[in-house]
Amino acid sequence: MSYKIEIQSLSAWFGSKQVLQDITMKIKENLVTAIIGPSGCGKTTLIRCLNRMHELTPRAKVTGRVLLDGEDIYSENVDPVTVRRRIGMVFQKPNPFPMMSIYDNTAAGLKLNGVADKHRLDGIVEKSLRAAHLWDEVKLELGKSGASLSGGQQQRLCIARALAIEPEVILMDEPTSALDPTAAAKIEQLIRILAENYTVVIVTHNMQQAARVSDFTAFLYLGKLVEYGLTKDIFENPKSELTEKYITGEFG
Amino acid sequence: MSRIIDTGLEELSVMLCRMGELTYETVSLSIKGCLNGTSVYSQVHEMSDALISMSDQAEDKTFELIARFQPVASDLRTIKSYMKIAYDFARYSRYALDISYINEQLGGLKECEEWITEYIEKMSEKVLNMVRTSIDALRSHSAQLAKTIAKTEEEVDKMYFEYLDKLIKKAPATSKCTISSVLVVRYLERIADHATYICESVIYLATGEKTTLR
Ligand SMILES: Nc1ncnc2c1ncn2[C@@H]1O[C@H](COP(=O)(O)OP(=O)(O)OP(=O)(O)O)[C@@H](O)[C@H]1O
Ligand SMILES: [Mg+2]
């Protein structure tokens, strides 16, 4: 199994405040990697560095390298827009465009990328909604507003929207924290299925969720990577005392 | 979409069924060797080593499922039962090894009178049936099938004590035979016990009922 992403000595700042310190880790292809750690430890910042979204924040800075299939996404000749197309993102709060239909929400990214052919759009919309396991629930009302769906359905719509532009990697930032347990369980099952075709990186506050859905887990603390390894090993037999304390609930 | 834990439970179940089949082969080979006086010790030893490492793997897997999926209700019962069953299988193979060791070390039942080998053969058939029942009940999670083992368990127990009685009344010609046959009968009785424990675990995982079939 090869590595999809290699993070090398990555550091990140907001102004003069350093929030990530010299992170080095390799992310395997077609598996789920979870990032856990207490609030403010830098999880969101880390994944925003993986698709060059961190630099969109004013006064934000990044050093180090992030290799996608061996090529540094921060090198000068790389267009950040292309990177974001290859590495999609799903956010904490389901955020479908409220004025758009389910269909248009799913197709939004494609249209932005200049796909106009109706037949082609139809095909991709259906494929993406199916992949997000939402198709059967919405196929008869694709014209309805995306905002009319339940929270869990909205999140699956956002996943469909991310899938529509055919990314290779999907980043998810607490994708279930706004959902009830049943809707969250569905997203977790979906994540396992997505991993058959995509590389998934998920940030989660919920350690049990990381244990359930991920193959590898990274524990981040105060901007540093404390421990990274097979999820099974992290939760059965962590090497670091800090990790042990965090996952057994002794702090954080 | 199936639940995430299902993949792990399925893997574990496949692992255990494979163990079950191998234990059956191991037990039946050791008994055959002892009855025929052929040396199967090294073969049984290999199989038994393989089973012990499979049992370790199964235990590891149950641990992983507990650590990662917070199993509850029937999932939790299944995992607990699987862990015990993996151990019971390992015990089968251990007794099988002991039986083939008797053959190796003491010459087995070669010097025994015919009524003795016939008696042991009959008892071992019953025990192998019990092993088979335990594996089938596990594979199908069938409490109904598991419960049927109680009757054979009682018969095997009875045969065990009856055999000791018989020896007291009429000692075999050689002490080699006395010792070998008593040990074989004893190990067979222990294997039957573990088959019964497995069936009790199957009933527990399928129904939540804690029963004893002994
Ligand atoms: N836009 C910003 N400007 C300045 N500092 C920021 C900004 N966003 C985040 N930070 C700081 O960077 C650090 C890392 O934040 P980040 O959002 O990556 O943490 P997190 O691990 O995702 O936390 P949470 O679990 O609460 O989402 C924190 O100390 C935070 O206060
Ligand atoms: Mg965050």
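Above this text is the structure in question.
A. Molecular detail of the sheet that holds strand E2 (residues 17-28) of chain A. All names here are of chain A. Read across the sheet, four strands follow the order E2-E1-E4-E5 without closing on themselves; strand pairing throughout is antiparallel. Each edge of the sheet is formed by a strand with only one pairing partner; in this case those strands are E2 and strand E5 (71-72). Judged from the two bridges that link them, strand E4 (residues 60-68) and E5 form a sheet pairing that is antiparallel. Within the sheet, the bridge partner assigned to Leu67 lies in E5 and is Asp72. Helix H1 (residues 43-50) contacts strand E1 (3-14), E2 and E4 of the sheet and is inclined by roughly 120° relative to E1.

B. Just the site of ligand 1, in detail. Residues and elements named next belong to chain A. Neighbouring residues of ligand 1: 14 residues in total, closest Ser39, Gly40, Lys43, Thr44 and Thr45. Contact between ligand 1 and Cys41: an oxygen atom at 3.2 Å from a main-chain N or O atom of the residue. Lys43 is positioned with one of its side-chain polar atoms (N or O) 2.7 Å from an oxygen atom of ligand 1. Protein contacts shield 63% of the accessible area of ligand 1, which totals 640 Å² for the unbound molecule. If you list the elements that add at least two residues to the shell around ligand 1, you get E2 and H1. Considering every element that reaches the shell around ligand 1, the biggest residue donor is H1, with three residues. Broken down by class, the residue content of the shell around ligand 1 amounts to four nonpolar, seven polar and three charged.

Cut-off values and rules
- Note that residues are indexed from 1 along each chain, following the sequence as it is written.
- Numbering of ligands from 1 and lettering of chains from A proceed in the order in which they are written.
- In keeping with the model being predicted, local features are shown solely for residues with a pLDDT of at least 70 and side-chain atom pairs are shown and tallied solely at 80 or more, while totals for entire chains, interfaces and linings include all residues.
- Hydrogen atoms and water are omitted, and side-chain values are computed over all heavy atoms in the structure.
- For two strands to count as paired, DSSP must find a minimum of two bridges between them.
- By definition, any uninterrupted DSSP run of H or I lasting at least four residues is a helix, any uninterrupted run of E lasting at least two residues is a strand, and each is numbered from the N terminus.
- Two residues qualify as a contact provided that any one of their heavy atoms is within 4.5 Å of a heavy atom in the partner residue.
- Lines fitted to the C-alpha atoms define the axes, with helices restricted to the stretch that makes contact. Angles between their N-to-C directions range from 0 to 180 degrees.
- Whether a residue is near a molecule or strand is decided by its heavy atoms; if any one of them lies within 4 Å of it, the residue is near.
- Any N or O atom pair separated by 3.5 Å or less is treated as a polar contact, with the protein-specific requirement of one donor-capable and one acceptor-capable atom, and with residues adjacent in sequence counted only for side-chain atom pairs.
- Accessible surface area values rest on a Shrake-Rupley calculation with a 1.4 Å probe, where residue burial reflects the displayed protein chains alone.
- Charged residues are taken to be Asp, Glu, Lys and Arg, nonpolar residues to be Ala, Val, Leu, Ile, Met, Phe, Trp, Tyr, Cys and Pro, and polar residues to be all remaining types, Gly included.

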